[in-house]
Amino acid sequence: MTHELLHGDLCPLCRRPLTLRLTAYVRSNTPYPTRIHTVPDCTSCANDMTRAQACADLLRARYES
């Protein structure tokens, strides 16, 4: 999965700009750096329950290749 969105990436459903949403924040007492995992997210579609699953499926197909 790419960790950086290209400037101007748009949601496949509503065509609004995507943001990166934090999914996991892992801290440990080891000397390794803190890990932050993010996924592309459309706040408009995520708040609309009728489109949320369709948008998530399309984004997963686009960025997990």
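Cut-offs and rules
- Residues numbered from 1 in each chain as written.
- Predicted model: local features only at pLDDT ≥ 70, side-chain atom pairs only at ≥ 80, totals over all residues.
- Heavy atoms only, no water.
- Salt bridge = Lys/Arg side-chain N within 4 Å of Asp/Glu carboxyl O.
- Helix = DSSP H or I, 4+ residues; strand = E, 2+ residues; numbered from the N terminus.
- Buried < 20%, exposed > 50% of the residue type's maximum accessible area, 1.4 Å probe, protein only.
- Contact = heavy atoms within 4.5 Å.
- Expected span 1.5 Å × (residues − 1).
- Arc of directions from axis to C-beta.

Q: I keep staring at the pattern of salt bridges and nothing clicks. Help me out?
A: Should their charged atoms come close, side chains of opposite charge can pair. Counting across every chain of the model gives 2 salt bridges. A salt bridge links Asp48 to Arg51; the nearest nitrogen and oxygen atoms lie 3.0 Å apart. Residue Arg60 is joined to Asp57 by a salt bridge in which the shortest nitrogen-to-oxygen separation is 3.1 Å. Pair noted here: Arg60 and Asp57 are both in helix α2 (residues 52–63), with a separation of 3 residues, about one helical turn. A residue is classified by how much of its surface remains accessible, and Asp57, at 36% relative accessible area, is partly exposed.

Q: Looking at this structure, I do not really get unusual backbone geometry. What am I missing?
A: Backbone phi values are negative for most residues with the exception of glycine, while trans is the configuration of most peptide bonds. Look at Arg15: it is not a glycine, yet its phi comes out positive at around 65°. Within the secondary structure layout, Arg15 lies in the segment before β1 (19–26).

Q: Would you take a moment to explain the side chain of Asp41 for this structure?
A: With respect to the secondary-structure elements, Asp41 resides in strand β2 (residues 35–41). You can call Asp41 buried: its relative accessible area is 13%. Residues contacting Asp41, with those up to four places away along its chain left out, are Leu18, Thr19, Arg21, Ala46 and Leu59.

Q: Explain α2 to me, please; I cannot follow it from the model alone.
A: Helical periodicity: at 3.6 residues per turn, an α-helix aligns residues three or four positions apart in one direction. The end-to-end C-alpha distance of α2, which contains 12 residues, comes to 16 Å, matching closely the 16 Å that a straight helix rising 1.5 Å per residue would cover. All buried positions along α2 are accounted for by Cys55, Leu59 and Tyr63. With its buried residues spanning 50° around the axis, α2 presents them on a single face. Seen from the buried face of α2, the exposed residues on the opposite side, beyond 90 degrees, are Gln53 and Ala61.

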